[in-house]
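Close look at the chain arrangement
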Amino acid sequence: MTGLPHPPAPPPAWRFLLPAGVAEIVFLAALGWCPAADAAGWRALFFAGAFAAYLVAASRVKDARGGAVLLWATAVAMRLVLLPLEPSLSTDAYRYLWDGHIQTAGFGPFGRSPLDPDLAGLRTPWFHQIPEPGSVTPFPPLAQISFLILSLAGGAVLQVKLLWVGLDLATGWVLGRIAHHTGRSRRLTQLLWLWSPLLLVEVAWSGHLLPLAIFPLALVVLLARVPTASGVALGLSSMVAPASLAALPALARRSGYRPLLGCLAAMAVVSAPYALAGRSLLTAPLRIFLEGRFLEGPYLLVESAIPGDAAPRLVALALVLGVSVWAASRRMRIEAALLWVLGAALLVTPVLRPWYALWILPFAALRLAWPWILFTGLAFLPYVALPAGPLPGSGPLPVWVHLAVWLPLVALLVRELWRTWAARFPSRTVPGS
């Protein structure tokens, strides 16, 4: 009597990680270094190629064996390809440098725009690259402390990028720990973050500070069973992006009052050096949400139903807070609550810069929320529609960009909700039918 045949061993991960990683590096290098990428068609093709390689690797890595070292080595190589590039898709990095520069000269960063006459003597050779120089800074205290440190260290764009890339890689490590502790695929979770083409373009190339807020937000999930520490991490994240506070109800519901105390303590300590800024300390981060417009999606439905300019934005904010309270009432895991809350925020925001889509990526990677992962690819399309210079660019985006970015996401989310509903409430068959 012969035994049953053994199932075939899973394939080694390097067989597809290596070609997919090389392909993504080639497409990213072409996107950043090839002059042809200035044309919309080539730019779209290069990014689509990188995103396709990313999806191929993600679809295979879970069922393979090994490959962790190759995954990380490739992730580092992808960043090294883009780090030497000057920011051209967005020039926010120069605003970071400016805010740090004026602090080293003894001026507070809040309440003054770069065009303020009192700051005329501080203008630098890269001053003309500061985005929206007539506006006051929208960046909260922890971001400002980071800008000051960068300015004291030399104030170069490469230093900005290296700091954010370090936090970006650290976020990948934290996500791997969370995946390991919760029985998920560590390699798949890390690949979905570390190999994301949008993340690579926005951080290693454009130098956006997102990892400064996302790293402590990932720590909130990792430290969820340590209430005070998770609250401190949430407070630090909120001092870069106040939207992080939407996770507080879910955290407090699961762990009591200690996360709230930790959050408030962290916010107080980080804000203390800027206490003299007074009201502008609170209003500056809200300016973009209250005044800006870019790549609006379902928010347009809110605006069409609610008259006025400020009222639709306040209703959108109330909707996000409502989702936050609902997630807390369901006692969701923190990463699930963040997925719902940040997803709601992205859906109803009146301002969606491409890099905003990355807010949800860590939690989409943990929960394998493929509609949101696809969204990080579609969010690149404004760079295709306005390829001549850094965003936000001049003039409104074409209608086709709004449709191409939002319709697939909404359709996939509706499909997911329908499947969930059908699974929970299956239709009853009539006896004898």
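Residues numbered from 1 in each chain as written. Predicted model: local features only at pLDDT ≥ 70, side-chain atom pairs only at ≥ 80, totals over all residues. Heavy atoms only, no water.

For the rest of this paragraph, the subject is the packing of aromatic side chains. Aromatic rings considered in pairs are described by the distance between their centres and by the relative angle of their planes. Using the criterion set out here, one finds 16 aromatic pairs in the structure. Seen from their ring centres, Trp42 and Phe46 are 5.6 Å apart, and the 35 degrees between their planes marks the pair as tilted. Here Trp42 and its partner Phe46 are both found in helix α2 (residues 40-61), 4 residues apart, which amounts to about one turn of the helix. A ring pair is formed by Phe51 and Tyr54, whose centres lie 5.4 Å apart and whose planes are at 50 degrees; its orientation type is tilted. You can see Phe51 and its partner Tyr54 sitting in helix α2, 3 residues apart, about one turn around the helix. Taken together through their ring pairs, the aromatic side chains of Phe47, Phe51, Tyr54, Phe380 and Tyr383 make up a single cluster. Here the guanidinium or amino end of Arg353 rests over the ring plane of Phe294, the centre of that ring lying 5.0 Å away. (Phe/Tyr/Trp six-rings, centres within 6.5 Å; stacked < 30°, edge-to-face > 60°. Helix = DSSP H or I, 4+ residues; strand = E, 2+ residues; numbered from the N terminus. Lys NZ or Arg CZ within 6 Å of the ring centre and 35° of its normal.)

This next bit is on helix α11 (residues 248-255). Among the residues of α11, those classed as buried are Leu248, Ala250, Leu251 and Ser255. Buried residues of α11, viewed axially, fall in a sector of 165 degrees; they line one side. Where α11 is buried, its residues meet α9 (210-222), α10 (227-238), α12 (258-271), α16 (310-329) and α17 (334-348). (Buried < 20%, exposed > 50% of the residue type's maximum accessible area, 1.4 Å probe, protein only. Arc of directions from axis to C-beta. Contact = heavy atoms within 4.5 Å.)

Further remarks concern unusual backbone geometry. Although it is not a glycine, Glu132 sits at a positive phi angle of roughly 50 degrees. Considering the arrangement of structural elements, one finds Glu132 in the loop between α4 (92-104) and α5 (141-152). Taking relative accessible area as the criterion, Glu132 reaches 40% and is therefore assigned partly exposed. The backbone of Leu368 sits at a positive phi, close to 50 degrees, despite the residue not being glycine. Looking at where Leu368 falls in the secondary structure, it is placed in the loop between α18 (361-367) and α19 (370-378). A residue is classified by how much of its surface remains accessible, and Leu368, at 31% relative accessible area, is partly exposed.

Within the largest apolar cluster, 126 residues are counted, with the highest numbers of intra-cluster contacts made by Leu17, Trp164, Leu191, Trp195, Trp372, Phe375 and Phe380. Broken down by element, this core gets its largest block of residues, 10 residues, from helix α6 (residues 157-181). Contact partners of Trp164, with chain neighbours within four places excluded, come to Tyr96, Ser146, Phe147, Leu150, Val203, Gly207, His208, Leu209, Pro211 and Leu212. Counting 6 residues, the second largest nonpolar core, distinct from the first, contains Ala246, Ala316, Val341 and Val348. (Core = buried A, V, L, I, M, F, W, Y, C linked by side-chain atoms within 4.5 Å.)

Take the pattern of salt bridges next. Charged atoms that come close allow side chains of opposite charge to pair. Taken as a whole and assessed by the stated rule, the structure comprises 8 salt bridges. The salt bridge involving Asp99 is made with Arg95; its shortest N-O contact spans 3.1 Å. Of this pair, Asp99 and Arg95 are both found in helix α4, 4 residues apart, which corresponds to roughly one turn of the helix. We note that Asp99, like Arg95, is buried. In this structure, Glu335 engages Arg333 in a salt bridge whose closest nitrogen and oxygen atoms are separated by 2.9 Å. The class for Glu335 is buried, based on a relative accessible area of 2%. Arg333 gets classed as partly exposed once you look at its relative accessible area, which sits at 41%. By sharing partners, the salt bridges in this structure join Arg184, Arg333 and Glu335 into a single network. (Salt bridge = Lys/Arg side-chain N within 4 Å of Asp/Glu carboxyl O.)

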